[in-house]
Amino acid sequence: MRIGRIAHPEGMAFVVIETNDNGEDIAKEIAGTPFTPPEFTGRDWKLEDVRLLAPMLPGKVVALGRNYADHVAEVFAKSSDELPPTLFIKPSTAVIGPGQPIRIPDFATNVEFEGELAVVISRPSKNIKAENWKDHVLGYTICNDVSSRDLQFADGQWARAKGIDTFCPLGPWIETDLDSLDLDNTKINAYLTHDGQREQKQDSNTDQMIVKMGGILERISAAFTLLPGDIVTTGSPAGTAAMVPGDNIEIEIPGVGNLSNPVVRA
């Protein structure tokens, strides 16, 4: 099931997105929140007639950095043995939805995308056991962990470099079928359009993750209590590249969707 959040002519709503017999995606409004079995209100819209928002407004986004060895070598010029995975938090104010612009301020001079698989937490969770991770997850979504490399290395910690307003695109929706992905073999692709030319930059696979999904949630929940709607990202593979105003970046994970955002000057 695909759960999304939309802006429609009368306001905002959580919806279940289904494809009808004509191949059209229909957004069917649900009452309440996505954390209980959906109760449909009877209202629906063609997806093309509404605007997709970030599928969740998380209290926090907790991310695992340096979780792909090739990305560690690419960005830090060191091995993953020297720089093991690390945790950081992106603020909720960084979150935007599909199609919304990533706004680069003047003080961020080397901004890159990072396409990542993410999960949405379903219930209050502390000390998750790796083997039970699915009991705590509502579904999968996509995160673009936008990062200002100049600030990341100048500051020595990552809060400003990765937490600037608009630096956390999420979407396009939440895929709740946790068995729909083979986490040992799920593609992560990213395409950057620059000067009208679309080029694939990231071409990787979750089989390259150093810490796997259960271990990620176990590690994070040992430190932080995770609440319903919180987002956990699982790290970026290699292939990240600079973005500049006028570009467009698409992150694609088959089985989850495509997250596309333009890049502008703040």
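Just so it is clear, the model here is predicted, and its values are computed rather than measured.

Novice: How would you summarise the nonpolar core if you had to cite specific residues and measurements?
Specialist: Core analysis: the largest hydrophobic core is formed by 44 residues, its most contacted members being Tyr 140, Leu 217 and Met 243. Elements with a contribution of two residues or more to this core: β6 (61-65), β9 (102-104), β11 (115-121), β12 (137-144), β15 (187-194), α4 (213-223), β18 (248-253) and β19 (257-265). In terms of residue count, the dominant contributor to this core is α4 (four residues). Membership of the second largest hydrophobic core comes to 17 residues, among which are Met 56, Val 95, Cys 143 and Leu 170.

Novice: Let's hear about the environment of Ile 30: which residues, and what values?
Specialist: Position of Ile 30 among the secondary structure elements: in strand β3 (residues 25-30). Relative accessible area serves as the criterion here: at 5%, Ile 30 is assigned to the buried category. A C-alpha to C-alpha distance of 7.4 Å links Ile 30 and Ala 13, two positions 17 residues apart in sequence. Other than its neighbours up to four places away in sequence, Ile 30 contacts Phe 14, Val 15, Val 16, Pro 38, Glu 39, Phe 40 and Thr 41.

Novice: Please give an account of the domain arrangement of the chain that cites residues and values.
Specialist: In many analyses, interface size is given as the accessible surface area lost on bringing the parts together. Here the chain is partitioned into domain 1 (2-53) and domain 2 (61-265). Taken together, the contact between domain 1 and domain 2 spans ten residues of the former and 13 residues of the latter. The contact between domain 1 and domain 2 buries some 900 Å² in all, and 68% of this surface belongs to carbon and sulfur atoms. The largest share of the area that domain 1 buries against domain 2 comes from Arg 2, Ile 3 and Phe 35, three residues that together contribute 58% of it. On the surface where domain 1 and domain 2 come into contact, there are zero salt bridges.

Reading the values: the criteria
Residue numbers here run from 1 along each chain, matching the order of that chain's written sequence. Side-chain atom pairs in this predicted model are given and counted only at pLDDT of 80 or more, local residue features only at pLDDT of at least 70, and totals for whole chains, interfaces and linings cover all residues. Side-chain descriptors were evaluated using all non-hydrogen atoms of the structure, hydrogens and water having been removed beforehand. Nonpolar core, defined: a set of buried Ala, Val, Leu, Ile, Met, Phe, Trp, Tyr and Cys residues in which side-chain atoms within 4.5 Å join the residues together. Summary of the burial criterion: residues with accessible area below 20% of their type's maximum are buried, those above 50% are exposed, and those between are partly exposed, where the area comes from a 1.4 Å probe applied to protein chains only. To qualify as a helix, a DSSP run of H or I must reach at least 4 residues; to qualify as a strand, a run of E must reach at least 2; elements of each kind are numbered from the N terminus. Pairs of residues are marked as contacts when any of their non-hydrogen atoms sit within 4.5 Å. An automatic or database domain assignment provides the domain bounds reported here. As a working definition, buried area equals the accessible area (1.4 Å probe) given up by two parts on being put together, with both sides summed. For salt bridges, the criterion is a side-chain nitrogen of Lys or Arg within 4 Å of an Asp or Glu carboxyl oxygen.

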